[in-house]
Amino acid sequence: MLMSRKFRVSVLVSGGGTNLQALIDSIGSGSLPEAEIALVISSREDAFALERARRAGIKTAVIAAKDFPDKAALARELVCALADANTDLVVLAGYMSILHPDVVRSYSGRIINIHPSLIPKYCGKGFYGIKVHRAVLEAGEKASGATVHYVDEGIDTGDIILQREVLVEKGDDENTLAAKVLEVEHKILPEAVKIVCETVK
Ligand code: GRF
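Residues numbered from 1 in each chain as written. Predicted model: local features only at pLDDT ≥ 70, side-chain atom pairs only at ≥ 80, totals over all residues. Heavy atoms only, no water.

On to the overall build of the chain. Looking only at helices and strands, the chain features six helices and seven strands. Along the chain, helices (α) and strands (β) appear in the sequence β-α-β-α-β-α-β-α-β-α-β-β-α when read from the amino end. The C-alpha atoms of the chain give 16 Å as radius of gyration, which agrees with the globular expectation for 201 residues (17 Å, within 12%). Principal-axis analysis of the C-alpha atoms places the extent of the chain at approximately 50 × 40 × 30 Å. A buried classification covers 48% of the 201 residues belonging to the chain. (Helix = DSSP H or I, 4+ residues; strand = E, 2+ residues; numbered from the N terminus. Rg over C-alpha atoms; globule rule 2.2 N^0.38 Å. Buried < 20%, exposed > 50% of the residue type's maximum accessible area, 1.4 Å probe, protein only.)

Now the structure itself:
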């Protein structure tokens, strides 16, 4: 596929949206000229990420699992919203739901996720949020980090695009470790989007 226009990126969020903000800032500063954010979809209506999107003038939608007892209907709603926004690439940035296989198949090879550990360590079912950092500390690891990977039908099992390490230091607790990893996430997510854009170009 030859892309002379900008990649239309739709970002799926559930929370504070600092990774979304990193993408908005990278595009705003000119360091990610290959991409534009087409749409932000939140799984929660109270996610601060929505406010960040609105402030940046980005179209938003709330598609919440609780409103769709039928998970295939939820998947259809997501795929329709992504298609309406002419999405080229889907970025899961702090998105706290598992994507239905129908969504993964519809955007096969065009969905990426950021995870706050060095995959294959501390990933998969049950490893999300602060639980990841707690497990890293409990295991006495000397390092942790963040990973951006393609999304397949497993949980955190897709091919790795970019990974960066942070050192676990004496005195780190789960909050200080989370903050250090988050700082790295904000760097590697825009870098990974750039890599994907350049790979497809
Ligand atoms: C990040 O650690 C992300 O990797 C995880 O959720 C956290 C929140 O990110 N999946 P954000 O501030 O909502 O972008």
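Further remarks concern the layout of surface pockets. There is about 850 Å³ of room inside the largest pocket. Forming the walls of the largest pocket are 42 residues, and the residues nearest its centre are Gly94, Tyr95, Met96, Ile114 and Tyr128. The set of elements that each furnish at least two residues to the lining of the largest pocket consists of helix 1 (18-29), helix 4 (101-106), strand 5 (111-115), helix 5 (130-138), strand 6 (143-150) and helix 6 (174-200). Here the lining of the largest pocket gets four residues from one element, more than from any other, and that element is helix 6. Looking at the lining of the largest pocket residue by residue, the class counts come to 19 nonpolar, 18 polar and five charged. (1 Å grid on protein atoms, 1.4 Å probe; cavity = no way out; pocket = protein on both sides within 12 Å on 5 of 7 lines; lining within 4 Å. Points joined across faces, edges and corners; volume = space filled by probe spheres on them. Nonpolar A, V, L, I, M, F, W, Y, C, P; charged D, E, K, R; others polar.)

Let us look at the sheet that holds strand 6. Pairing in this open sheet of seven strands is mixed, and the strands run 3-2-1-4-5-6-7 from one edge to the other. For this open sheet the edge positions go to strand 3 (60-62) and strand 7 (160-167), each flanked by a neighbour on one side alone. The sheet shows a mean angle of 20° between the axes of neighbouring strands, taken without regard to direction. Bridge count between strand 1 (residues 7-13) and strand 2 (residues 35-42): seven bridges; the pairing is parallel. (Pairing = 2+ DSSP bridges. Axes fitted to C-alpha atoms, helices over the stretch in contact; angles between N-to-C directions.)

For the ligand, the full set of nearby residues is Gly16, Gly17, Thr18, Asn19, Gly94, Ile114, Pro116, Leu182 and Glu185. Between Gly16 and the ligand, the recorded distance is 3.5 Å, taken from a backbone N or O atom to an oxygen atom. At a separation of 2.5 Å, an oxygen atom of the ligand approaches a polar side-chain atom of Thr18. Considered on its own, the ligand offers 370 Å² of accessible surface; in the complex 81% of this is hidden by protein. (Near = heavy atom within 4 Å. Polar contact = N/O pair within 3.5 Å; in protein donor to acceptor, adjacent residues only side chain to side chain. Areas by Shrake-Rupley, 256 points an atom, 1.4 Å probe, with all protein chains shown as cover.)

Taking burial as the measure, the seven residues of strand 1 include six buried ones, the bulk of the element. On the question of chirality, the crossover connecting strand 1 to the parallel strand 2 by way of helix 1 is right-handed. When strand 1 meets strand 4 (residues 89-92), the two strands line up parallel, connected through four bridges. Across the sheet, Leu12 pairs through a bridge with Leu92, a residue of strand 4. (Right-handed = clockwise from strand over helix to strand, strands pointing away.)

Taken together, the buried positions of helix 5 are occupied by Val132, His133, Ala135 and Val136. For helix 5, the angular spread of buried residues about the axis comes to 160°, placing them on one side. At the exit of helix 5 stands Gly140, carrying a positive phi of roughly 70°. (Arc of directions from axis to C-beta.)

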